[in-house]
Amino acid sequence: MRSRMKWGDFVIIGAVLLLAAALAAALLWQAAGDRLYAEVWQDGVLLERVRLSDNTDRVIEVDGHNTVVLSGKTARMQTADCRDQVCVRTGTLTRVGQSAVCLPNRVLVKLVGEKAEVDAIAG
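Draft legend 1. Quick peek at the environment of G113. The topology assignment puts G113 in strand 7 (residues 107–115). Taking the C-alpha atoms as reference points, G113 and L36, 77 residues apart in sequence, are found 4.7 Å from one another.

Encoded structure:
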């Protein structure tokens, strides 16, 4: 017995693909308006907040214990004098919500986003 796809099957597949494409386009359009910032905290106090762009190139020293490198739209904890090195092994942060934490030195690096304001919407 052979199973054949019928006309209705193609309609359902097309509708699912169309919805998936619309969702992907909406997510990409929404992400394009976001601004990306790197925040460096120590002991619950915000030390630095830097807007990340394609030409960001900055090194932040935190009390001689930690070195944070901001490069382009990324951030990473390059060095730390703590024993476990979990914050360094966290790697490069690239998306909003990611963070690297050095518990012994009480240092936090996190990426936060801010929506760009919309001037007008054409309909």
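Draft legend 2. Local environment of a nonpolar patch on the surface. Together, M5, F10, I13 and L17 make up a nonpolar patch on the protein surface, roughly 420 Å² of accessible area in all. Along the polypeptide, I13 turns up in helix 1 (residues 7–32).

Draft legend 3. Here's a closer look at the packing of aromatic side chains. Summed over all chains, the structure comprises 0 aromatic pairs. Across from the ring centre of Y37, 4.1 Å away, lies the NZ or CZ of R49, which sits over that ring.

Draft legend 4. Seen up close, the nonpolar core. Of all hydrophobic cores here, the largest spans 20 residues; its most connected members are I60, V68, L70, M77, C102, V109 and L111. Listed by contribution, the elements that provide at least two residues to this core are strand 1 (34–42), strand 2 (45–52), strand 3 (57–62), strand 4 (66–71), strand 5 (74–80), strand 6 (99–102) and strand 7. For C102, the contacting residues outside a window of four places in its chain are N66, M77, A80, C82, C87 and V107.

Draft legend 5. Looking closely at the pairing of strand 3. One ladder, built from 6 bridges, connects strand 3 with strand 4; its direction is antiparallel. For D57, the partnering residue across the bridge sits in strand 4 and is S71.

Draft legend 6. The arrangement of the side chain of N105 in detail. In this fold, N105 is placed in the loop between strand 6 and strand 7. When sequence neighbours within four positions are dropped, the list of residues in contact with N105 reads Q42, H65, N66, D81 and C82.

Calculation rules
Residues numbered from 1 in each chain as written. Predicted model: local features only at pLDDT ≥ 70, side-chain atom pairs only at ≥ 80, totals over all residues. Heavy atoms only, no water. Helix = DSSP H or I, 4+ residues; strand = E, 2+ residues; numbered from the N terminus. Patch = residues over 30% accessible without salt bridge, like charges linked within 9 Å, V, L, I, M, F, W, Y side chains within 5 Å. Areas by Shrake-Rupley, 256 points an atom, 1.4 Å probe, with all protein chains shown as cover. Salt bridge = Lys/Arg side-chain N within 4 Å of Asp/Glu carboxyl O. Phe/Tyr/Trp six-rings, centres within 6.5 Å; stacked < 30°, edge-to-face > 60°. Lys NZ or Arg CZ within 6 Å of the ring centre and 35° of its normal. Core = buried A, V, L, I, M, F, W, Y, C linked by side-chain atoms within 4.5 Å. Buried < 20%, exposed > 50% of the residue type's maximum accessible area, 1.4 Å probe, protein only. Contact = heavy atoms within 4.5 Å. Pairing = 2+ DSSP bridges.

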